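What follows is each chain in one-letter form.
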Protein chains: 2
Amino acid sequence: MTDAARLERRIHELAQIGRTDDPAREIYATAVSRLGLSAEEQRARDLVTSWCAPHGATARRDPAANLYLRFPGADPHAPVVLVGSHLDSVPMGGRFDGALGVCCAVEAVVSLVESGARFARPVEVVGWADEEGARFGYGLFGSAAAFGRLRVDPERVRDKGGTSIAEALRALGESGDLAGAMRDPKGIRAYLELHIEQGPRLERAGAPLGVVSDIVGIFHGLVMVRGEQNHAGATVMGERHDALVAASHMIIALERIASSVPDAVATVGEITVKPGAKNVIPGECTFSLDIRAPKQESIDLVLERFKAEANEIFRKSLREWGLRPLQSVAVTPLDEDLRDLLWKSAMSVGMNAPTLVSGAGHDAQNPSLAGVPTGMIFVRSTGGSHTPTEFAATADAALGAKALEIAIRELATA
Amino acid sequence: MTDAARLERRIHELAQIGRTDDPAREIYATAVSRLGLSAEEQRARDLVTSWCAPHGATARRDPAANLYLRFPGADPHAPVVLVGSHLDSVPMGGRFDGALGVCCAVEAVVSLVESGARFARPVEVVGWADEEGARFGYGLFGSAAAFGRLRVDPERVRDKGGTSIAEALRALGESGDLAGAMRDPKGIRAYLELHIEQGPRLERAGAPLGVVSDIVGIFHGLVMVRGEQNHAGATVMGERHDALVAASHMIIALERIASSVPDAVATVGEITVKPGAKNVIPGECTFSLDIRAPKQESIDLVLERFKAEANEIFRKSLREWGLRPLQSVAVTPLDEDLRDLLWKSAMSVGMNAPTLVSGAGHDAQNPSLAGVPTGMIFVRSTGGSHTPTEFAATADAALGAKALEIAIRELATA
């Protein structure tokens, strides 16, 4: 039976790995910086392994640093039930994003084992590596590697310190040969993921649980603005080509455009200027672009309008700007049968779980786009997400784990 | 006699120290990154010393890392003629800002010595340390220390790597006790500085040389904007408190306000966001503020209007912003007699030098505000300044050195 106290203890225990509370800021919750492919993420894998091994699970780490904990089933060759989430966080993130899904998966499967359930097929708990992409700029890394959807060369993509993905993997003891991380989609009966909602809809609806119908598509790009580097004192206002002022106009235009397209969102989360001295007019400004919507047409519309307005901003100045697309994730509809199963499982714990579109990207996209039947359950979260204030109550998390347990029982023991 | 070829060779030689041409950018001129209080600045002092020592100069470095090269005069106790500029550059700056003033001072004094001039009083060439303040955020450092105008604690001000000014000085072999850098203003007959104009006025006027009447006042500050860190996908546009979007509105407002106040300029040269991940709405944004004008009232006006508009931007969002003043430099009128002398010296080399207000801050402010008669001469420069493209022709530089030579002869041999 789901043990809420044990679940809460484990969420807390996992949050100690990469804990980076900033005493200078008024943060009343645990801040976590557990970046993908870091030593901290590795320690998180070891901790989760220590929870499952006593219950008969065998641990395996693949070349992409994904962790699989396999609980045996009567037919070892039958397609497995895969359930989990990711173990990394953004810098100064919270305790629940990703971690809650792994903790609830462990709780659900271990509860089943403890209750004497007999699995007809193997059940695997997975901890995906580097979902956030905070370090290397490439999100959903581990699940992309597992389902043949990796679109980067791990030898060439580097973090700010110059370390490549392949070097980071080798530092963790992996071979760096990611072909070995591939899984056959046919070998997976279903993939289930529990995750905090990362938005306010469940909170507003007064619902602890939700079922995901679709995951938004995402466009990630990098914008570079070229202006003219010059002296901050001796260059009169009328003769400046300030890259940061131009970028500011573009950032405001992007916000206005995204606000005008229903269900679309757009964010500039990173910005740097060169040379970056207080008495020098910026000659160059680079910023990130993150555009999401539940329809591809909406993403394209925001991008087109943004390009048009940016061209207009630069038409007068005769300076340049450029956009480099980095990563596009397709809009992902999830499996209808699993939607029904998860809704019924939630009903079994007394909750009428509303159906939601996920505004955030999730590892679930990769198995789903590779043809694996995929379902997602959201747990109500307050205080935002990707921030130390994100918060899921233990009572809600335990309901989620219980619903997951019911769904896994249905899929694995039948 | 001024040796233009030697002057050109030395400008080139000095530019090799800290040379950091970026092959990825289309730069056709030498890029120099010779930051204040760095090992590179130290090597520049050694090089300049090697130019002067063969001509009878004795070198002295003070505890603020300023370099003095003293050429003896008949009365060793008479107030000295001090002439020079600074030896540091901004990151990815050019060959001429600061360096030209030191090279021309050396050329002028050495030419006088070579021509058999007998100094009645000592003549000192000075290479000020850390004028740009690019590393520690505090400009005019060396000259401020020499004239009792330092307003920072060198043990507490640190660079991005955590090194304090005092530690940087100790790494260069200095004691770190800046009291020993103080000079008695009464012991200085006059301070002369030659500098590139850092603006387009001389170029437009077709004049190689200009004489400075006043130096603008400067306000430096740091703005911090607090928004709400949140998930880039799951937070709808209407519910965001994006610190970077708010900062963008402020940057555009600042540009508009400065453009509306005659002779004022304002620049945001540095910006950072936290947490700084592409899929996280910025919860915090910090940027630098640089406001300059030849009248204090104009600086105050820009600042007041900026504060009012910023308050308006934040009135609706219920979020916070703050401004921390870092450094204020008063508007500085230069010495009228020296203005006349420099104008006449320029006329002696055939040039009618226009009178200009300096939009940039200069080391000359510190002796002037301490009561030392101070004069400045500008050399025409094209291609901006604080950039690798800044450029002063050797012919113009040689005219400047010659005018300087004439002025020094007048001041030191009388």
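What counts and how
- Residues numbered from 1 in each chain as written.
- Chains lettered and ligands numbered in written order.
- Predicted model: local features only at pLDDT ≥ 70, side-chain atom pairs only at ≥ 80, totals over all residues.
- Heavy atoms only, no water.
- Least-squares fit on C-alpha atoms with pLDDT ≥ 70 in both.
- Contact = heavy atoms within 4.5 Å.
- Salt bridge = Lys/Arg side-chain N within 4 Å of Asp/Glu carboxyl O.
- Helix = DSSP H or I, 4+ residues; strand = E, 2+ residues; numbered from the N terminus.
- Buried < 20%, exposed > 50% of the residue type's maximum accessible area, 1.4 Å probe, protein only.
- Lys, Arg positive; Asp, Glu negative; His and termini not counted.
- Polar contact = N/O pair within 3.5 Å; in protein donor to acceptor, adjacent residues only side chain to side chain.

**Q** What am I meant to see in the relation of the copies chain B and chain A here?
**A** Between the two copies of the chain lies a relationship made up of a rotation around an axis and a movement along it. Of the two same-sequence chains, chain B is brought onto chain A (RMSD 0.0 Å, axial shift 0.1 Å) by a rotation of 180°. The superposition operator between the copies reduces to a two-fold rotation axis. If distances are taken from each C-alpha of chain B to the rotation axis, the shortest is found for B:S248, at 2.2 Å. In this assembly, 100% of the residues forming the interface of chain B have copies in chain A that are likewise at the interface, indicating an isologous arrangement.

**Q** Is there a simple way to explain the pattern of salt bridges in this structure?
**A** Should their charged atoms come close, side chains of opposite charge can pair. Per the stated rule, a full pass over the model turns up 38 salt bridges over all chains. With its nearest N and O atoms 3.8 Å apart, the salt bridge here joins A:K307 to A:E304. In this pair, A:K307 and A:E304 are both assigned in helix 8 (residues 296-317), three residues apart and thus about one turn of the helix distant. Note on A:K307: relative accessible area 30%, which makes it partly exposed. Judged by relative accessible area, A:E304 falls into the partly exposed class, the value being 46%. The salt bridge partner of B:E107 is B:R6, with a shortest N-O separation of 2.9 Å. With a gap of 101 residues between them, B:E107 in helix 3 (residues 99-114) and B:R6 in helix 1 (residues 4-15) connect regions that are remote in the sequence. Across this residue pair, the class does not change: B:E107 and B:R6 are buried. When salt bridges that share partners are traced, they join A:R6, A:E107 and A:E114 into one network.

**Q** Just to check I follow, could you spell out the side chain of A:R121 for this structure?
**A** Residue and element names in this part refer to chain A. As for its position among the elements, R121 is in the loop between helix 3 (99-114) and strand 4 (123-128). There is no salt bridge for the buried R121, and the closest opposite charge comes from D75, which lies 7.3 Å off by N-O distance. Among the polar contacts made by the side chain of R121, one reaches the main-chain carbonyl oxygen of P79 at a distance of 2.7 Å. There is a polar contact of 3.3 Å between the side chain of R121 and the backbone oxygen of L411. Those residues in contact with R121 that sit more than four places away from it in its chain are G73, A74, D75, A78, P79, V81, R189, L411 and A412.

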